[in-house]
Amino acid sequence: MLSSLKNRPLSYKLNLVAGGLGIIVAVVIFIGAARTLELSGVAAPSAQPTSAQLSAETASLRAEIEKVAADLKSIQTDLREGAGLPKDAKLAVAQQQTQKALREIAERQDQLEQIIIANPVKALEMSILQRDLENVKATQQASLTAVKATVDRISSLTKWALAAMALCIVLLAASFSLKSKEA
C-alpha cells in the first residue's frame, strides 16, 4: 500500500491527510463533548428535613429552655435573698422591675415550651429554613463553578477544532490547486 501511495500525485496525498485530520478532529470533538456533559459533584438540596434532624433541633431547643429555666431559678433565689435588705425606695423599685422582667421571661419560656410541645416543626422552621438556604447557596455556587469549568473546556475545544478545520481547508485548497495544475 505504501508503494502505491508513492506513485500517487501530491493532491491525492493532501486529500488523504485532510480526510485523516478531519476524522481525528471529529473524534476529539465527540470525546470532548461527552466529557463536558458530565456535571458531577453537584448535589440537589434536600427538600424536607429528616426526623433525626428534627429531633436534634428539638433537643437543642430543649437544652436552651432548660438553661433559661435554671437562670430564672437562680435570679429568683437571688431576689428572695435580697428581700431581707433594708427597704430603700430605689432598691424596692429595682426589685419590682426585676420581678416584672422575671415574669416576662417566665411567660416567654412557657410560650416556647407550648410551641415546642404543640408543633415542633413550627418551632424549628426558621433554623431549618436558614440551613436550607445556606445549602442551596452552596449548591448553586458549586453548580456555577462546574458550569464555568465546562464553558472553559468547550471554548478551548472549539478553538482547537476551528484551527484543525482551517488546516483541513488549506490542505484541500492546496490539493485542488495541485490537481488542476497536474491536469
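For clarity, every value in this text was computed on a predicted model and none was experimentally measured. Each chain carries its own residue numbering, running from 1 in the written order of its sequence. Only residues with pLDDT of 70 or above have their local features reported here, since the model is predicted, and side-chain atom pairs are shown and tallied only from 80 upward, although totals for entire chains, interfaces and linings are computed over all residues. Side-chain metrics rest on all non-hydrogen atoms present in the structure, leaving aside hydrogens and water.

### Some details on the overall build of the protein
Then, number 1: The way it works is that DSSP assigns letters per residue, a run of H or I at least four long becomes a helix, a run of E at least two long becomes a strand, and they are numbered from the N terminus. Helix and strand counts for the protein stand at 5 helices and 0 strands.
Then, number 2: Counting from the amino terminus, the protein carries its helices and strands in the arrangement α-α-α-α-α.
Then, number 3: Summary of the burial criterion: residues with accessible area below 20% of their type's maximum are buried, those above 50% are exposed, and those between are partly exposed, where the area comes from a 1.4 Å probe applied to protein chains only. Counting every position in the protein, which comprises 183 residues, the buried fraction comes to 14%.
Then, number 4: Two residues form a contact once any of their heavy atoms are found within 4.5 Å. Pairs at least 24 residues apart make up 85% of the contacts formed inside the protein by residues separated by at least 6 positions.
Then, number 5: Counting only carbon and sulfur atoms, one obtains 64% of the accessible surface of the protein, whose full area is about 14,000 Å². Shrake-Rupley sampling with a 1.4 Å probe provides the accessible areas, and residues are treated as covered by the protein chains on show and by no other component.

### What to know about the pattern of salt bridges
Then, number 1: Salt bridge, as applied in this entry: a Lys or Arg side-chain nitrogen positioned within 4 Å of an Asp or Glu carboxyl oxygen. Considering all chains together, one arrives at 1 salt bridge under this definition.
Then, number 2: Here D132 and R131 are joined by a salt bridge, their closest N and O atoms 4.0 Å apart.
Then, number 3: Accessibility expressed as a relative area gives 15% for D132, which makes it buried.

### Things to note about the environment of V25
Then, number 1: As for its placement among the helices and strands, V25 is situated in helix α2 (residues 10-36).
Then, number 2: Taking the C-alpha atoms as reference points, V25 and L157, separated by 132 residues in sequence, lie 9.9 Å from one another.
Then, number 3: Not counting the four nearest positions on each side in its chain, V25 is found in contact with A161 and A164.

### Quick notes on a nonpolar patch on the surface
Then, number 1: A cluster of nonpolar side chains, namely I23, V27, F30 and I31, defines an oily patch on the protein surface of about 430 Å² accessible area.
Then, number 2: Take I31: its relative accessible area is 47%, and that puts it in the partly exposed class. Exposure above 30% relative accessible area and the lack of any salt bridge qualify a residue for a patch; like charges then connect within 9 Å, and the nonpolar side chains Val, Leu, Ile, Met, Phe, Trp and Tyr within 5 Å.

### Describing the side chain of Q109
Then, number 1: Assignment of secondary structure puts Q109 in helix α4 (residues 89-118).
Then, number 2: On the basis of relative accessibility, which here comes to 10%, the residue Q109 falls in the buried class.
Then, number 3: If sequence neighbours within four positions are ignored, Q109 has contacts with I65, A69 and L72.

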